[in-house]
Each structure stands twice: as structure tokens, then as C-alpha cells.
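If you want the building blocks of each chain, they are given just below.
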Amino acid sequence: MKTSRLIQIVAALAFCQFHSVRAFEGRIAASLTRGGDVQPLLYTVGANYLRVEQTRTDQPHPRDIVNLKTGELTLVFPHNRSFMRLKNGGDSGNARPPGGMSAPPLMASPSAMPAPLPLPSPSGMPAVPLMSNPSAMPALRMESLRLQSTGETTNLLGFACVRYEIKQHGETMEIWATDQLLPFPPYVEVPPHRFGPRMLEEQWGGLLQARKLFPLAAVLKFDNGAERWRFAVRLVQPQKLTDADGKLFLPPDGYNEIPPLPF
Amino acid sequence: MKNLMKQMTRCAAVGLWLTTLNLLPPACFAQGQIDQRKPISSAPFTIRAPGSYYLTTNLTIRAGTAISVNTNNVTLDLNGFTITSTETPAASSVGILLNAAVNVTILHGFISGGVTNNGGTYGGSGFGCGIYSGNVSSPANVRVSGVSVSGCLNEGILLSEQNNSVVESCTVNTVGYYGISATSVSDSTVQNCGYIGVAAITANNCQGYGLSAYGVVARTANNCYGYSSSGHGIDADTANNCSGYSSIGNGVIATTASNCFGDNGNGGGSGVSATTAINCVGYNENSNVSGGCGIYARIATSCYSFSYNATAINATLAIGCIGFSPAGTPLNVVQNVNSIVSGY
């Protein structure tokens, strides 16, 4: 009897937890800092749709509208009154092999490498030495990019958070994330680039989303301690959204749909 | 009589040769001797039969498409004339539309709208798109050469990347979305583009300016320059002899970057970000913030990098490199082979 009661309580708690995750509706204000650039971000979360936008007005910035059921992302471009639909949600993280590098990870044999050319010497700088001993180069293996819990916990803005880390060669992202909001939709300003290696900050959103986590704070630092990127939530405001004309999650009237990039 | 016949035969042969090369002026064709080209003197105009066409005057449309190519095997010579749109505001009008056409060549002329960039917002009257393939996966063997496009709300020259399309010696200026997209883009320049400057499988000798996304995106980029404000200057699998600048992103981001120069202006990204960087120079300019780095690579070989306040070279393996940082970290590497730290 006691066991049955316990199971009921656990089930009820689990339902509440699930319900609270699914039912979050309201606004989340955050900021993303990259070098000297600070993007103030506003997440407007409805029952079925989500809107992410920058609130600064220096120039027209793209805004994201995400269908929370299908994952379809609509990128709205105020700068030329257009919008684009991306079925895969803008590929927020894991379309490429993990590790942040899309290329064959192993070093080509030295003989296959183009012969290094002497670099022009910038004024006042010594000339760059040529590679002295190619055979000394070891083969380097791909690092797999993983979201690793450290077990540490804290409370941020009223939400229980767990500390996670993502490591990629020479740098570490530290994340405080909660499972009490919604799966994190990273702000997609431009579709992911195609060819070069993917940076850690281009993949963290997908890793969090897969674990249904929302970050309240994250910082990316080189192993020498230098910080190069920071995300911080400033305000979480649960509220029932009013959308009388039904346009909150639609591209504005008169905008032209343009085809997705052939990426 | 015999001589006359000989002369006429010679003339026809020369004419045929010149026709092949598109060198014979329209006036010669007008004499009706060997002219196979069909004149276009008004718009809208739809090409329904294969052959060679040429403009005889400037064309203007108020909306819709100026010239539609609805058939295969077409050469369209703009003949130095200009196609203009007065659609207000610019929305969906198109200069030249390729409707699933194969074997099309477009030559020598101008497509001009009045769209302007006002503080990052593109608007005004003009074209939605300059040259556009209606179904981006269909057109094959399309070549655009010597065409200048300007003042479009969306795309300048948008062709299929996958089906053997070539853009050469073209310029695009002031378009809100895409500058040029094709399988191969060479000797072309895109300026003042709102999103992506040049997108191609192979880009040679190109310059791309993409304000909010990428300057040049290509599987292989040779001798290219790319500029972007928030995206990346050059994004490539292989970047050779390229130069890229980005304010927030990476100047050059590539799987393999050889002999490249990359500059990150505001500290958020890197000058050069690559799996393998060879003989590259990376700059991370911002002296007020510590983010970003000059060269960010898995393997950096014979590279030089400068970062005033952050990390000059961040690499798993650095071979024969020089890192220089007056107030930051010159070298942050796991394994160092003959790399040195430079002072003033």
C-alpha cells in the first residue's frame, strides 16, 4: 500500500515537472556578449510558438519564430522585408559530426601538405620560420563534443540549475542550466555556415536542446582564462501572452517569402 | 564571277565564326545576310524558342519579369543595354527569369533597380531579383558573363549551385539578401549586400560583402576577399590566398586555410579559424576586450598572429608559429614545435 502511494506521489511529481516544462509561457530576457558586442535578446514563449529577437535598435536584426511542435524555424528579415522557413530549425547544433571540426580530423601526411611559403613580414615583426620538422607532427584525433554535468547545483532567478561543461580543444564552456523552462532554442541570426569548422558556441544550443535544458548563464573561456563569449539570462517573466490579432508569431504583413539557402 | 563567289564564301565563313564568338555587331546582322539572332526591343518578353537573342534598346518594366527564358539552348546578349524596374516598392519583379532552362548564356549588360541601403534597411523601387532561376535545382549549364546588377531587394544573381552554373566577370551592388550564387563564381565582385555576398562551390578571384551573414561562402575559395559584420568574412572548406574580415565573427573560417589573412575587428571571433592553418596571418584587433584570438586552429603551421588583449594563437599543435600579444596570451597551445613568442 505504501509502495503504491509512493509510486502515485512520484508519478504526480513527474507529471508536474513535465507539465511545468511544457507549460512555460511568458518572456525571458537575456544577453549574449561576444567580444565588444552585446546582443540583448528577448524570448517570447507562447503555447505553441516561440519568438526570439534582439531588442537593440541600431539596425534591423533578424528574428526567429519557432514552431515548438514541429521545430520549423521561420527567419524574419526586417532589413529587406522578407522571411525564410527552415524545416530543420536552422540546424542548431548536431547536423555535423561533433567536435567542432567538419573536416577529416586526422592530419594529412606531411608530404600531402602544400609546401609552406615564407610569410611576408609585417613591419617590425620578425619573419615567420618555416616548418622545420614535419615528421614531428602527431596525428590528432577528433574530440567529441559532450555536455557533461559536474554535479554542482545552484539557484538562479528562482530556478534550480545544474552546472555543465563542454570542452573543445583549448577552451571550456561552463553552463548553468535548468530543466524547468523549455528546451533551449538558440537565437539564429544567420543559418549555420557551411564549410569551415563549427565553433563550440555554434553547437552548444543543440546539445542543451537535446537534453531539454535552458541555460541561465554560460561563459566560454580559453584554458588560459581569457573569456571570449558569455550568455546570461536577466529576467524570467511567466505570463499569459495576449495575441489578440494573432500576429505575434507570424511574419509581418507584406513581407516576401524567400527560398531557404541551398545549404 | 568566280572571285565574287570566293569572296562571298569567305565572308560567310568569317561571319559564321564571328557569330559563334558573339563578336559581330547587331548592325551587321541588320543587313540580313547571315543574321540568326533575334532582337528584343520591349519588355516583358518571353523566349520560347532556342536561339540567340539580343537587346536593341534599354528595357523598363513596372512589375513582373522583364525577360523570361522558357526554353533550352538560349544565348541572350544584353548588348550593353540596361534592364530597369520601377516596381514600387521593390518586391517580386525579376530582370531575367530562367524557367528550368538548360544551356543558357547571358552576356554583357546591366540590370538596374533603385533599391538603396539606408542604415542597414534595404528599400525603394526596383527589382526583387536581378537574374533568378525559378527552380534553383533545375537550371543546368547556365553561364552569366559581364553582367552588372544593382539595386535589388533580394538577390542579385541566383543560380543553382549544384548544376553547373558559371558566373564570371560580373558585379553586384546593393542587394538585400544574396549577391551571387552559382556553382562557379570567378572574377566577380559583390558590394553592399545585406546577407551573403558570394556563395559557390568554387570561388576564384572574388570579392564578397555580406553585411549580416557571410562575405564569401565556398567549398574552395581561391584569391578571394570576404567581409561580414556579424557572420564570417570567408567560409570555406579550402581557402587559399584569401583575406577575410569580420567585426564579430571570424575573418576566415575554413577547414584548411593556406596563405590566408584574417581579421576580427571586435573581439568576439578569430582572425583565422581553421582545422589546419598553414602560412596564415591572423589579427584580433580590439584592444578593449579579451575575447577571441588571432588564429584559432587545431594545427597551425608557420603562422603569425597578433592579438592585442586576448590570445594570439590558440591551437592544439603549433609548428613554427609566432604569436604576439602585448597584453594577452601570445601562445595557448597544447603542443608546441618551434613556435615562439614575439615581443615588441
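Further up the page is the structure itself.
A quick note: this is a predicted structure, and the numbers were derived from the prediction, not measured.

About the criteria used
- Residues numbered from 1 in each chain as written.
- Chains lettered and ligands numbered in written order.
- Predicted model: local features only at pLDDT ≥ 70, side-chain atom pairs only at ≥ 80, totals over all residues.
- Helix = DSSP H or I, 4+ residues; strand = E, 2+ residues; numbered from the N terminus.
- Contact = placed C-beta atoms within 7 Å.
- Pairing = 2+ DSSP bridges.
- Buried ≥ 20, exposed ≤ 12 C-beta atoms within 10 Å, placed from the backbone.

Draft legend 1. Structural detail: the overall build of chain A. Scanning chain A for helices and strands turns up two helices and 12 strands. Taken from N to C terminus, the helices and strands of chain A fall in the order α-β-β-β-β-β-β-β-β-β-α-β-β-β. Partitioning the intrachain contacts of chain A with sequence separation of at least 6 by distance along the chain shows that 56% fall at a separation of at least 24.

Draft legend 2. Highlighting the overall build of chain B. Of regular secondary structure, chain B possesses two helices and 33 strands. Put simply, 28% of the contacts in chain B that link residues at least 6 apart link residues at least 24 apart.

Draft legend 3. Representation of the sheet that holds strand β7 (residues 148–156) of chain A in the model. Residue and element names in this part refer to chain A. Pairing is mixed across the open sheet formed by 12 strands, whose spatial order is β7-β8-β9-β10-β11-β1-β2-β3-β4-β5-β6-β12. Here the strands that pair on one side only, and so sit at the sheet edges, are β7 and β12 (256–257). Sheet topology note: the strand β10 (residues 214–222)/strand β11 (residues 227–238) ladder contains five bridges and is antiparallel. Residue pairing across strands places A218 opposite F231, the latter belonging to β11.

Draft legend 4. Spotlight on the pairing of strand β6 (residues 74–77) of chain B. Residues and elements named next belong to chain B. Taken together, the four bridges between strand β3 (residues 51–55) and β6 define a ladder with parallel strand orientation. Within the sheet, the bridge partner assigned to S52 lies in β6 and is T75. The pairing of β6 with strand β9 (residues 102–112) spans four bridges and is parallel. Bridge pairing in β9 links D77 to L107.

Draft legend 5. A look at the environment of V166(B). Residue and element names in this part refer to chain B. With respect to the secondary-structure elements, V166 resides in strand β14 (residues 165–168). As a C-alpha pair, V166 and C293 span 127 residues in sequence and 36 Å in three-dimensional space. Residues within four places of V166 in sequence aside, it is in contact with R143, A182, T183 and S184.

Draft legend 6. Looking closely at the pairing of strand β22 (residues 232–240) of chain B. Residues and elements named next belong to chain B. Counting buried positions along β22 yields seven of nine residues, so the element is predominantly enclosed. Bridge count between strand β20 (residues 214–222) and β22: seven bridges; the pairing is parallel. In the strand pairing of β22, A221 is matched with A239. With six bridges connecting them, β22 and strand β24 (residues 252–258) associate as parallel partners. In the strand pairing of β24, A236 is matched with A254.

Draft legend 7. Looking closely at unusual backbone geometry. Residue and element names in this part refer to chain B. With omega at 5°, the peptide bond leading from A43 into P44 counts as cis. Of note, P44 is situated in the loop between β1 (38–40) and β2 (45–47). Along the chain, T88 connects to P89 via a cis peptide bond; the corresponding omega equals -10°. For H108, which is not a glycine, the phi torsion comes out positive at approximately 45°. As for its position among the elements, H108 is in strand β9. Despite not being glycine, N205 has its phi angle at roughly 55°, a positive value.

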